Amino acid sequence: MHDQLFWFFSIAMLLSGLLVILSRNPVNSAMFLVVAMCFMAGLFVLLEAHFLAIIQILVYAGAVMVLFLFVIMFLDLKAERRRRFRILTFGGGIIVAAAFMVKVHDVVEDMPLVAAKGVAGTTEAVGRLLFTRYLLPFEVASLLLLVAVVGVVLLSKRDLK
Amino acid sequence: MDPILIHLIKIVGVVGVLLFICAYIVLAERRICAFIQDRLGPNRVGIPLWIRKDGSAIQIGARWALGQPIIDALKAIFKEDFVPGHVNKFYFWLGPMLVMAPALMVWAAIPFGSTLCGVPMIIADVNVGILLVFALASLGVYGIVLGGWASNSKYPFLGGIRGSAQLISYELCLGLSVIPLFMQVGSLRLTEVVRWQTEHLWLVCYPWNWLPAIIYVASSFAETNRAPFDLPEAEQELAGGYNTEYSSMKFAMFFLAEYANMITASALMVVLFLGGWHLPFVPVSGGIAVGVAHICIFLAKVCALALVFIWVRWTVPRVRYDQLMGLGWKVFLPLALAGVLITGLAIVAGWSPS
Amino acid sequence: MIPVVLPHYLVVSAALFSLGLAGVIIRRNALVIFMSLELMLNAANLALAAFSRYNGSLHGHVLVFFIITVAAAEVAVGLAIIVALFRRRKSVNVDELTSMRL
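(A) Examining the domain arrangement of chain B more closely. All names here are of chain B. One can read the domain layout of chain B as domain 1 (3-41 + 83-348) and domain 2 (42-78). Here domain 1 and domain 2 have C-alpha centroids that lie 30 Å from each other. Residue-level contacts link 11 residues of domain 1 with nine residues of domain 2. Listed by contribution, the elements that provide at least two residues to the side of domain 1 that touches domain 2 are α1 (3-36) and α10 (248-273). With six residues, α1 is the largest single contributor of residues to the side of domain 1 that touches domain 2. Class assignment for the residues of the side of domain 1 that touches domain 2 results in seven nonpolar, two polar and two charged.

Here it is in structure tokens:
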């Protein structure tokens, strides 16, 4: 069951990832990214990372991508014109991606095949770690969010003084 | 019995009961708003029992229009499904579905009873409980945004934009307002929350939970697009908002989803603050009769809260959009954070039983 | 079929990362480039969660949590910048934003 679901989730996720970068309409891109996020959450569940799966949906699909959609609609972006097919950029992108895949394959090839160890990423376990060992980074992250809020408010003022 | 079969029965049962309640809540809303505005409201169609030769029918409950939901549903199905030429077809179709689906999916994690014949009355008792509910509910915003955008005309578009900003903002208040409860209960499982309340008092009985409860109720008005916060579909300003271009069954989906969301919000309120299926003097565990009684208690509480939603909608005037956002960000958010702090102090001081 | 273990997850993660990378290079729309960046961040998240699972520790999960937090902040600021840019230039095409070029 785990294996079949893994293949289903990962293939579906990669397909929607591909469609994110190939769709000409930004709204399509954003919606395919939402779909990819949801399948990613499925993979997280397979990895027993329940908390992460929920956070993935709640933060990415529920908030971040809505923000993307909001901005796309706000700016009223129409679908891009069918651009002259720039072979150089396209080829460059594929070559870089392929080179990266080859490197990863080298790394993965002689990796020992170990079975999964039974830790479940429940909210309680992750939270315990967050508030003990990683307390300082946690506080810094909250500061970062505050800075982001202030920065965004400043950026979106019409006239910067 | 086969566990998959049990799950299927539970899912069909929950969705069926939910849609049934939705249909009759719509009728209740029409009757109550008529009462508040000193009108009669729907009072013609009963449930037909027998049709005579001359075409007249013997019907029951015509006085309270008990047959009205059936007639409304038939009307929605058989009306012409008109799709304007300027819309983005795919997203125009997708919008109503994306609003409806999360509203129903959320019920997977809500406990609607204790146990019946040894089967827990919840579809999926996951350890992330409330987070799952919020995560699924947060997906409902896509339907509104995409529906408004795909309609490709001015007012639906404005409704969609308003909807996205409002729903994201109030999700924050909603999430923050329930944190104090889980600090007291110590688990995110909604079944645990109810169990805790059966052992102690209902969570709403503790004074430090009153502020979160008020914020929760007000935020859920905003989350379900109901007056006084129904800005995305304000008729007088936006001619119906994001659903202006929709007709027949697609419109009915938007309409039903609003009521389904309302019922879901009431159900969560019942589970979180009002003890779920628990009622004093009703045994916490027992045979089939007790199990059925628990489900009935839960449904009664949910319907009572849904009536509060209706009552508020027809009593309070709509707020302005900047007031809405100001209220969310400058009042509710700090107050919700203060609620977390106050509850923390109450727990440290040992006032909260646990 | 061989059972799914860590390398499978890593390959999927790498594939997703490559997709994001290709997207950043190929696309000219600033918003879509941004979305490709999100794909790359997600790929990293998947790798971290997989490492966590197969090493029997939860530290990867905490790291993913931080990545998601930072990504949310980054998206908010980035989108604000794009909106500000659009107000000035009426375009989000990165090819047309060349005023800093010599």
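(B) Here's a closer look at the interface of chain C and chain A. Opposite the 59 residues of chain C that make contact, chain A presents 65 residues. Where the side of chain C that touches chain A is concerned, the elements lending two or more residues are α1 (6-26), α2 (30-55) and α3 (59-89) of chain C. Considering each element in turn, the side of chain C that touches chain A owes the most residues, 20 residues, to α3 of chain C. Classifying every residue of the side of chain C that touches chain A gives 45 nonpolar, 11 polar and three charged.

(C) Examining helix α4 (residues 129-138) of chain B more closely. Most of α4 of chain B sits inside the fold, with 10 of its 10 residues counted as buried. Gly 129, Ile 130, Leu 131, Leu 132, Val 133, Phe 134, Ala 135, Leu 136, Ala 137 and Ser 138 of chain B are the residues of α4 of chain B that are buried. Residues of α4 of chain B that are buried in the fold lie against α3 (50-75) of chain A together with α3 (89-105), α5 (140-150), α6 (154-185), α7 (190-199) and α10 of chain B.

(D) Region of the structure containing the nonpolar core. If you look at the biggest cluster of nonpolar residues, it comprises 171 residues, and the most contacted ones within it are Met 65 of chain A together with Ile 110 and Ile 263 of chain B. Take this core: its biggest share by element is 20 residues, from α3 of chain A. Setting aside residues no more than four positions away along its own chain, Ile 263 of chain B makes contact with Leu 18, Ile 21, Cys 22, Ile 25, Val 302 and Ala 306 of chain B.

(E) Spotlight on the arrangement of the chains. Ranking the two pairs of chains in contact by number of contacts places chains A and C first. The two units chain B and chain C are non-contacting; their minimal C-alpha-C-alpha distance is 13 Å.

(F) Structural context of the packing of helix α8 (residues 210-223) of chain B against helix α12 (residues 321-348) of chain B. Residue and element names in this part refer to chain B. In contact at an axis separation of 9 Å, α8 and α12 are set at 145° when each is read in the N-to-C sense. In the crossing of α8 with α12, the sense of the turn from one axis to the other is left-handed. Of the residues in α12, those touching α8 at Leu 211, Pro 212, Ile 215, Ala 218, Ser 219 and Ala 222 are Gly 328, Phe 332, Leu 335, Ala 336 and Gly 339. Of the residues in the contact of α8 with α12, the class split is eight nonpolar, three polar and no charged.

(G) Examining the packing of helix α2 (residues 26-46) of chain A against α2 of chain C more closely. Direction vectors running N to C along α2 of chain A and α2 of chain C enclose 5°, while the axes themselves pass 11 Å from each other. As judged from the angle between their axes, α2 of chain A and α2 of chain C are roughly parallel. For the pair formed by α2 of chain A and α2 of chain C, the contact residues are Pro 26, Ser 29, Ala 30, Leu 33, Met 40, Leu 43 and Phe 44 of chain A on the first element and Leu 31, Val 32, Met 35, Glu 38, Asn 42, Leu 46 and Ala 49 of chain C on the second. Class assignment of the residues belonging to the contact of α2 of chain A with α2 of chain C gives a composition of 11 nonpolar, two polar and one charged.

(H) Summary view of the interface of chain B and chain A. Residue-level contacts link 17 residues of chain B with 15 residues of chain A. Taken together, the elements giving at least two residues each to the side of chain B that touches chain A come down to α4, α5 and α6 of chain B.

(I) Structural context of the domain arrangement of chain A. The assigned domain composition of chain A is domain 1 (1-81) and domain 2 (122-161). Centre-to-centre separation of domain 1 of chain A and domain 2 of chain A, based on C-alpha positions: 23 Å.

(J) Representation of the environment of Ala 213 of chain B. Residues and elements named next belong to chain B. Looking at where Ala 213 falls in the secondary structure, it is placed in helix α8. Distance in space between the C-alpha atoms of Ala 213 and Gly 339 is 9.8 Å, their sequence separation being 126 residues. Setting aside anything within four residues of it in sequence, one finds Ala 213 in contact with Val 204 and Phe 273.

(K) A look at α5 of chain B. Extensive coverage of α5 of chain B is indicated by the burial of 11 of its 11 residues. Three or more residues of α5 of chain B are buried, namely Gly 140, Val 141, Tyr 142, Gly 143, Ile 144, Val 145, Leu 146, Gly 147, Gly 148, Trp 149 and Ala 150 of chain B. In the core, the buried residues of α5 of chain B are packed alongside α3 of chain A together with α3, α4, α6 and α10 of chain B. The positive-phi residue at the C-terminal boundary of α5 of chain B is Asn 152 of chain B, with phi of around 55°.

(L) Seen up close, unusual backbone geometry. Phi at Glu 48 of chain A takes a positive value of approximately 60°, unusual for a residue other than glycine. Following the sequence through the fold, Glu 48 of chain A ends up in the loop between α2 and α3. Assessed through the 19 C-beta atoms surrounding it within 10 Å, Glu 48 of chain A is described here as partly exposed. Non-glycine residue Asn 152 of chain B carries a positive phi angle of around 55°. Turning to its location among the elements, Asn 152 of chain B is positioned in the loop between α5 and α6.

Cut-offs applied
- Residues numbered from 1 in each chain as written.
- Chains lettered and ligands numbered in written order.
- Predicted model: local features only at pLDDT ≥ 70, side-chain atom pairs only at ≥ 80, totals over all residues.
- Domains from an automatic or database assignment.
- Contact = placed C-beta atoms within 7 Å.
- Helix = DSSP H or I, 4+ residues; strand = E, 2+ residues; numbered from the N terminus.
- Nonpolar A, V, L, I, M, F, W, Y, C, P; charged D, E, K, R; others polar.
- Buried ≥ 20, exposed ≤ 12 C-beta atoms within 10 Å, placed from the backbone.
- Core = buried A, V, L, I, M, F, W, Y, C linked by C-beta atoms within 7 Å.
- Axes fitted to C-alpha atoms, helices over the stretch in contact; angles between N-to-C directions.
- Left-handed = near helix turned anticlockwise from the far one by under 90°.
- Parallel < 35°, antiparallel > 145°, perpendicular 65-115°, else oblique.

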